[in-house]
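# Geometric and topological summary
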Amino acid sequence: FKKRYKVSRPASGRLPGNYAGRSLDKESELVLCLDSRGECMGCAGIEVETIKKLDGYDGSFRAPLMSNLAIGRQFRRKGLAEDLVSAAESIARKEWGYDECYLYVEKRNSPAVKLYKKLGYKVLWEDDTATTLLPKENGRVANGQTTIVCMKKRLGAGLLGMFS
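Attention here is on the structure that accompanies the text. (Residues numbered from 1 in each chain as written. Predicted model: local features only at pLDDT ≥ 70, side-chain atom pairs only at ≥ 80, totals over all residues. Heavy atoms only, no water.)

## Here's the deal with the overall build of the protein chain
- Check the secondary structure of the protein chain and you find 3 helices and 6 strands.
- Its helices and strands in sequence order give the protein chain the pattern β-β-β-α-β-α-β-β-α, from N to C terminus.
- In the protein chain, buried positions account for 37% of the 164 residues.
- Counted over contacts in the protein chain with a minimum sequence separation of 6, partners at least 24 positions apart contribute 57%.
- When the accessible area of the protein chain is evaluated, it comes to approximately 10,400 Å², of which 50% is carbon and sulfur surface. (Helix = DSSP H or I, 4+ residues; strand = E, 2+ residues; numbered from the N terminus. Buried < 20%, exposed > 50% of the residue type's maximum accessible area, 1.4 Å probe, protein only. Contact = heavy atoms within 4.5 Å. Areas by Shrake-Rupley, 256 points an atom, 1.4 Å probe, with all protein chains shown as cover.)

## Some details on the side chain of Glu100
- Counting through the fold element by element, Glu100 comes out in strand E4 (residues 100-106).
- Engagement of the side chain of Glu100 in a polar contact is seen with the side chain of Tyr102, the distance being 2.8 Å.
- Engagement of the side chain of Glu100 in a polar contact is seen with the side chain of Lys152, the distance being 3.1 Å. (Polar contact = N/O pair within 3.5 Å; in protein donor to acceptor, adjacent residues only side chain to side chain.)

## Focus on the pairing of strand E3 (residues 60-71)
- Relative to E3, strand E2 (residues 40-52) runs antiparallel, the two being bridged by 10 bridges. The residue bridging Thr50 from the neighbouring strand is Arg62, located in E3.
- Pairing between E3 and E4: 2 bridges, direction parallel. Looking at the pairing, Met66 lines up with Leu103 of E4.
- At this point the chain moves from E3, through helix H1 (residues 80-95), to the parallel E4, and the crossover so formed is right-handed. (Pairing = 2+ DSSP bridges. Right-handed = clockwise from strand over helix to strand, strands pointing away.)

## Looking at the environment of Arg140
- Mapped onto the secondary structure, Arg140 falls in the loop between strand E5 (122-135) and strand E6 (141-154).
- By relative accessible area, which is 60% here, Arg140 ends up exposed.
- Setting aside chain neighbours within four positions, we find Arg140 in contact with Leu134 and Pro135.

That is the geometry; function is a separate question.
This is the structure we're talking about:
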């Protein structure tokens, strides 16, 4: 990732300010990919967050949650999404010591679901009671129904991780 795309970070290794308004003591990182002009080509967030089980048992646990993977339209279909996912996973594994990574994605976002499955993520559960903001014709947004999919990947296990 760092060899293919220029990534700018301050000497501290962290981006300035609080990522998504979170406190500084929280494990969170925003991975940016910038072109040679400093234009953002894409980004992905990774943070340790509470993950719900939704498997028929009450409970939750803390683990790395990847979020907000976004690639500029003109930079799509060039492998950048895979590189950003890999960079986020590397932070979770190598810097924070986790062996699993989770994400939430809207089920109707089939290109993203397909990408994550290709990269080894497995569906854990679906929540069809979730809501999301939907754009309206007048430029406003309104709450709408959606189905959220929770996916999980074992990190650092090579091919074996794709089967567990």
